[in-house]
Amino acid sequence: MTQALIEKINKLKKDKNAVVLAHCYQHAEIDKVADFVGDSLYLSQAAAKTDADIIVFAGVFFMAETAKMLSPDKKVLLPCKNAGCEMADMINLQQIRELKAKNPNIPVVCYVNSSAEVKSEADYCCTSSNALKVVSAIGAKKVLFVPDRYLGSWVGNQLKDVEVITYNGFCPVHFGISVKDVIARKQENPDALVLAHPECQKEVVELADYVGSTTGIMKFAKESDNKTFIISTEIGVVERLERDCPDKKFVLVSQQAVCKNMKYHKLQDIYDALLNEQNEINVDENISKKAVKCIDRMLEISK
Ligand code: 13P
Ligand code: SF4
């Protein structure tokens with residue numbers, strides 16, 4: 001049944017000149033119909049480059065919006081429209097304007113996990129894999145960083161000559177990972193290396209042997225000679241690592257580390273979206289014109 005559906009999706013993709021982009025927090029079976037699988041940066045680079053007519057985004061709302069802004073002439077479909085991001089919802093247009101008014105003349109760096117409206121008020125966009133590079137490239141003494149307080153302060157701790165003023169947003173999934181979880185998994189697996197996403201709380205990140213984006217974590221684990229890893233991010237990363245590296249052991253730091261938004265899309269939703277060309281994502285033209293500038297700057301710095 002699943003195989004038949006996979007074949008139907010792959011045929012539809014060919015007929016309609018469509019591509020499927022999948023974030024590595026998706027259900028692992030989605031990879032069987034995906035043309036690109038990776039982290040937010042990789043997927044936005046793929047969205048900017050593709051010559052497909054339709055992009056089906058197996059990810060969350062802000063990712064599909066970003067793809068639309070980078071490829072405005074393409075049809076971008078989000079299989080389940082309710083796939084949002086709780087962190088992105090923590091800041092809106094008015095709140096970023098108020099923050100800028102309180103901190104005038106400071107460059108604004110906006111994590112890609114934010115709405116197009118919020119991006120339209122930012123100078124630079126970044127993802128978890130290039131946040132350090134983007135903030136260093138600005139060359140300013142101070143930057144405002146929205147919405148993720150943990151990614152922002154992690155960047156600030158690495159770059160001693162830049163003051164990073166953070167907003168109070170966070171990811172509830174990564175916030176739910178505690179120091180206690182890490183210590184317990186480490187006691188059960190004393191030889192394991194701890195790999196953490198920078199959206200985790202500071203105290204968790206401090207216990208990590210490696211900190212990086214979802215694909216950064218996967219690359220580190222694949223290239224390391226170590227055999228056991230405690231994965232301090234969403235379960236999708238563990239599922240892919242177990243599939244790709246059967247000779248290694250991957251331990252999910254906490255069973256709570258599941259992003260329900262990322263898990264909405266099933267193969268059937270991808271098929272339905274593509275067949276009916278439904279759940280199209282559009283961005284207001286004026287907002288898009290402004291917001292795309294900070295995304296283009298990020299892509300230029302990340303080349
Ligand atoms: P990545 O930048 O690692 O893809 O992370 C995106 C995300 O939403 C993490 O919660
Ligand atoms: Fe948003 Fe957190 Fe889900 Fe990432 S894991 S999409 S930051 S809610």
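Residues numbered from 1 in each chain as written. Chains lettered and ligands numbered in written order. Predicted model: local features only at pLDDT ≥ 70, side-chain atom pairs only at ≥ 80, totals over all residues. Heavy atoms only, no water.

> What is the right way to look at the side chain of histidine 197 in this model?
Turning to its location among the elements, histidine 197 is positioned in the loop between strand E9 (193-196) and helix H10 (202-205). With near-sequence residues (within four places) excluded, histidine 197 lies in contact with Tyr25, Tyr111, Ser128, His174, Val205, Val211, Gly212, Ser213, Thr214, Ile217, Ser232 and Thr233. (Helix = DSSP H or I, 4+ residues; strand = E, 2+ residues; numbered from the N terminus. Contact = heavy atoms within 4.5 Å.)

> How should empty space enclosed by the protein be read in this particular structure?
The rolling of a water-molecule-sized probe over the atoms marks out the regions of remaining empty space. Applying the stated criterion across every chain, the model contains two cavities of 30 Å³ or more. What lines the largest cavity is a set of 28 residues, and nearest its centre among them are Tyr25, Phe62, Asn113, Glu199 and Met262. For the lining of the largest cavity, the secondary-structure elements that each account for two or more residues are helix H2 (40-49), helix H3 (61-70) and helix H8 (172-175). The element that contributes the greatest number of residues to the lining of the largest cavity is H8, accounting for three residues. Taken together, the residues of the lining of the largest cavity break down into 14 nonpolar, ten polar and four charged. In terms of lining, the second largest cavity is formed by Ser40, Leu43, Ser44, Phe57, Phe62, Met63, Thr66, Ala67 and Val112. It is H3 that provides the largest number of residues to the lining of the second largest cavity, a total of four residues. Partitioning the lining of the second largest cavity into residue classes produces six nonpolar, three polar and no charged. (1 Å grid on protein atoms, 1.4 Å probe; cavity = no way out; pocket = protein on both sides within 12 Å on 5 of 7 lines; lining within 4 Å. Points joined across faces, edges and corners; volume = space filled by probe spheres on them. Nonpolar A, V, L, I, M, F, W, Y, C, P; charged D, E, K, R; others polar.)

> Sorry, what's going on with the site of ligand 1 here?
All residues adjacent to ligand 1 are His23, Tyr25, Asp39, Ser40, Asn113, Ser128, His174, His197, Glu199, Ser213 and Thr214. The separation between an oxygen atom of ligand 1 and a polar side-chain atom of histidine 23 is 2.6 Å. Interatomic distance of 2.9 Å between a backbone N/O atom of threonine 214 and an oxygen atom of ligand 1. Here ligand 1, which alone exposes 300 Å², has 96% of that area covered by the protein. Because more than half of its atoms lie within 2 Å of the grid, ligand 1 is assigned to the largest cavity. Tallied by class, the residues present in the shell around ligand 1 amount to one nonpolar, eight polar and two charged. (Near = heavy atom within 4 Å. Polar contact = N/O pair within 3.5 Å; in protein donor to acceptor, adjacent residues only side chain to side chain. Areas by Shrake-Rupley, 256 points an atom, 1.4 Å probe, with all protein chains shown as cover. Sits in = over half its atoms within 2 Å of the grid points.)

> Which parts of the structure should I look at to understand the sheet that holds strand E11 (residues 228-232)?
The pairing of strands in a sheet comes from backbone hydrogen bonds and takes either a parallel or an antiparallel form. Read across the sheet, four strands follow the order E10-E9-E11-E12 without closing on themselves; strand pairing throughout is parallel. The strands lining the two open edges of the sheet, one partner per strand, are strand E10 (210-211) and strand E12 (249-252). As judged from the four bridges shared by E11 and E12, these two strands associate in the parallel manner. For phenylalanine 229, the partnering residue across the bridge sits in E12 and is phenylalanine 250. The strands touched by helix H11 (residues 214-223) within the sheet are E9, E10, E11 and E12, with E9 carrying the most contacts at an inclination of about 160 degrees. (Pairing = 2+ DSSP bridges. Axes fitted to C-alpha atoms, helices over the stretch in contact; angles between N-to-C directions.)

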